[in-house]
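Given next are the chains, with one letter for each unit.
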Amino acid sequence: MLADTAEKIKRMEIRGAGRIARAAVQALDDHSASLGTPDLQDYLALMNEAAGLLLETRPTAVSLPNAIRSVMAAFREQYPGVEQAKSAFRERCRAFITASEQAVQRIGEIGARHIRNNDTLLTHCNSEAALACILEAKRQGKEISVFATEVRPRNQGHLTIRTLDKAGIPTSFIVDSAARYFMNEVDLVVVGADAVSVNGAVVNKIGTSQIALAAREARTRVMVAAETYKFAPRTILGEYIEIEERDPGEVLSPAIFSQLPHVRVRNPAFDVTPADYVDLIVTEAGAIPPQMAYIIIRDVLGWDIGEYSGGFG
Ligand code: RI2
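Residues numbered from 1 in each chain as written. Predicted model: local features only at pLDDT ≥ 70, side-chain atom pairs only at ≥ 80, totals over all residues. Heavy atoms only, no water.

A separate point is the sheet that holds strand S9 (residues 280-283). Pairing is mixed across the open sheet formed by seven strands, whose spatial order is S3-S2-S1-S4-S7-S9-S10. Pairing within the sheet leaves two strands with one partner each, and these edge strands are strand S3 (171-174) and strand S10 (286-288). When strand polarity is set aside, the average angle formed by the axes of neighbouring strands in this sheet is 25 degrees. Two elements, strand S4 (residues 188-191) and strand S7 (residues 221-225), share four bridges in a ladder whose sense is parallel. Its bridge partner being in S7, Val 189 is matched across the sheet by Val 222. (Pairing = 2+ DSSP bridges. Helix = DSSP H or I, 4+ residues; strand = E, 2+ residues; numbered from the N terminus. Axes fitted to C-alpha atoms, helices over the stretch in contact; angles between N-to-C directions.)

Okay, here's the thing in structure tokens:
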């Protein structure tokens, strides 16, 4: 079950930064319940091993380590036996999943305030946080339309246009490279995030930074929708966020590139949009300018630069 979830996250059958965090937490909870050992030390060791397996699945989405750390914190307490540890862990997992779902809803409410009647939006990839803002604006009766990109190579845009269509939102489906062509028609870019760095740089689906560049040129605002657990605490020490590079076969079939000995395929899944290209980050704790990312890391996630400057335990 745990290995199955890890595999699904790797293969992107389960995808989206928020969804993978919740799936990982659910898998850990199920794994915990399935463990038969009566020995507390054994149980804790098996849970640590399980957490490690899930952590390795996707390196960029910081939602994963943040979520896992948040539920594994249950084991900082002392328990008389395995059953007590299991039930405390279950409580943490349920609390995380509920908070994560509520965060998306709250982001939708806050983000919708920044979408005006008659706005034309552009979104890239398939972000439940970004879509929550768009859907809430529509629910409030605002007349909006959306440009949605295709999102090569995994075509997440197909998921996005289904959701937009279901909500009755007029949508133009465009190839990724058409973003600049249409940018003058766009009032607001709304995207999600896989990670946010302490300096407000946003890591999101490959192509986001080109869209942000085109938006800057056209004086179009860029709004990022990101739960606070997508902020990357370790960046306060200058650590970089690793950019996942995926299998070449996602981009070009092996049958083709095996005939091209001088060609190699590069397939980064994400890119980095500097804070200067982002107008607003909408979190469940409020909308902030990207330059305030440290405040989220310090006050919401509880990581203070002073405390950690000596290194991590
Ligand atoms: P939510 C996705 O990554 C996209 O980059 C999307 O913008 C981001 O996660 C956030 O998605 P992938 O799993 O958490 O498609 O807002 O590589 O759903």
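Picking up where we left off.
Tracing the chain through its elements places Thr 123 in strand S1 (residues 120-123). We classify Thr 123 as buried; its relative accessible area is 2%. For Thr 123, the side chain forms a polar contact with the main-chain oxygen of Val 190, separated by 2.7 Å. (Buried < 20%, exposed > 50% of the residue type's maximum accessible area, 1.4 Å probe, protein only. Polar contact = N/O pair within 3.5 Å; in protein donor to acceptor, adjacent residues only side chain to side chain.)

This paragraph deals with the site of the ligand. By nearness alone, 18 residues border the ligand, and Gly 18, Ser 127, Asp 194, Asn 204 and Lys 230 come closest of all. Between an oxygen atom of the ligand and a side-chain N or O atom of Arg 15, the distance comes to 2.7 Å. A distance of 2.7 Å separates an oxygen atom of the ligand from a polar atom in the side chain of Lys 230. For the ligand, whose free accessible area comes to 450 Å², the fraction covered by protein is 100%. For the shell around the ligand, the secondary-structure elements that each account for two or more residues are helix H2 (17-34), helix H6 (128-139) and strand S6 (202-205). Of the residues that constitute the shell around the ligand, the class distribution is six nonpolar, six polar and six charged. Here the shell around the ligand gathers at least three residues from each of two domains, domain 1 (2-105) and domain 2 (109-300). (Near = heavy atom within 4 Å. Areas by Shrake-Rupley, 256 points an atom, 1.4 Å probe, with all protein chains shown as cover. Nonpolar A, V, L, I, M, F, W, Y, C, P; charged D, E, K, R; others polar. Domains from an automatic or database assignment.)

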